[in-house]
Amino acid sequence: MQMNIPPRGTMRLTRRGKLVLAVAGAVLAGTAVAVPLLTVHNTPREVAKPVTLVVPEGERSGQIYDAVDKALKLPPGSTRKSVGKAGLKLPGEAEGNPEGYLFPATYPVPKGATPESMLRSMVDTANQKFSAAPVAAGAQQNPMNLYQTVTVASIVQAEADTKADMGKVARVVLNRLQRGMPLQMDSTLNYALNRSTVNTSTDDTRIESPYNSYQRMGLPPTPIDSPGEDAMAAALNPPPGDWLYFVTVKPGDTRFTADYAQHMRNVAEFNARHQPKTQSPGATAPRTPAASPGR
């Protein structure tokens, strides 16, 4: 996802210039002619807007590092290299990885900003948001710790097609965890493969990665993006429901169910819609029979 980052400008003080052309007089044909003063006012220059960095919801840390590099006009990879020396206040479970804690918001980029200062602002904002009273109260009612809740929220952020779907997606995640089922989320595979797509192949589900939630039980080891407040609220207080499967058949049409047979009918409709037109039916398997509940 590309980030619309306002170009870095230079603050300039504007001044009103004043040009005075004075002609004392002239003699033409022996007659004195009075010439009035001519005053010209320069048009004031437009004041440059403050430089800001916008971190959208659902951005991964790698995308955010690249955006900071561009905002600060640094060589690619500069921000990534600075993570270890930024002194970020992360939970112990993160093991120094700020994924999930680079909170989505709009940040000022003051003169003299560094990658370390920008990353600290994001992590400090996350800690403030996550320690707020509603979040803290929800975390106390949840069997998971805060870091695990952020991880669930990051999956919700990646998987939910709409804000209205977030709570149901969170409930599916929790239901599957409670039943000892693998999550089977395409979003975690996309994270492992550093891509974003709705098409998951059989080969994709066989990759060796701790983020392969088709083969690994439980949550991935870290969040997979930067969840926003709505995703966090959904992870903390999902609605009641027995849903175990979901698939976004088309934009705005996500179908949740606890019935596997019904889910497979929904998946078949998804596959029919996403089958390449130039490809013969059955030439590939966009999804395995035990398709991901995610979109």
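The structure reproduced in this document is the subject of the present report. (Residues numbered from 1 in each chain as written. Predicted model: local features only at pLDDT ≥ 70, side-chain atom pairs only at ≥ 80, totals over all residues. Heavy atoms only, no water.)

1. Observations concerning the nonpolar core
Point 1. Ranked by size, the top nonpolar core spans 54 residues in total, and within it Leu 53, Met 118, Met 122 and Val 156 carry the most contacts.
Point 2. Residues within four places of Val 156 in sequence aside, it is in contact with Met 166, Val 169, Ala 170, Ala 231 and Ala 234. (Core = buried A, V, L, I, M, F, W, Y, C linked by side-chain atoms within 4.5 Å. Buried < 20%, exposed > 50% of the residue type's maximum accessible area, 1.4 Å probe, protein only. Contact = heavy atoms within 4.5 Å.)

2. Some points on the pairing of strand S7 (residues 245-250)
Point 1. In terms of burial, S7 is largely enclosed, as 5 of its 6 residues are buried.
Point 2. Sheet topology note: the S7/strand S8 (residues 253-257) ladder contains 5 bridges and is antiparallel. Among the inter-strand pairings, Lys 250 is bridged to a residue of S8, identified as Asp 253.
Point 3. Where S7 hands over to S8, the hairpin turn is made up of 2 residues, of which Gly 252 adopts a positive phi near 85°. (Helix = DSSP H or I, 4+ residues; strand = E, 2+ residues; numbered from the N terminus. Pairing = 2+ DSSP bridges.)

3. Observations regarding the pattern of salt bridges
Pairing is possible between side chains that carry opposite charge, provided their charged atoms lie close to one another.
Point 1. Enumeration over the complete set of coordinates arrives at 8 salt bridges.
Point 2. In this structure, Asp 253 and Arg 255 form a salt bridge, with 2.8 Å as the shortest nitrogen-oxygen distance.
Point 3. Given a relative accessible area of 17%, Asp 253 falls into the buried group.
Point 4. Under the relative-accessibility criterion, Arg 255 is labelled partly exposed at 24%.
Point 5. Of the charged contacts, one joins Arg 255 and Glu 269 as a salt bridge, the two residues approaching to 2.8 Å between their closest N and O atoms. In this pair, Arg 255 is assigned in strand S8 and Glu 269 in helix H9 (residues 260-274), connecting sequence segments 14 residues apart. (Salt bridge = Lys/Arg side-chain N within 4 Å of Asp/Glu carboxyl O.)

4. Thoughts on the environment of Lys 89
Point 1. Here Lys 89 is to be found in the loop between helix H2 (78-82) and strand S6 (106-108).
Point 2. When its relative accessible area of 61% is taken as the criterion, Lys 89 is described as exposed.
Point 3. When the C-alpha atoms of Lys 89 and Asp 124 are compared, they prove to be 7.2 Å apart, with 35 residues separating the residues in sequence.
Point 4. Leave out the neighbours within four places in its chain, and Lys 89 touches Val 123, Asp 124 and Asn 127.

The quantities given are spatial measurements derived from coordinates; they are silent on function.
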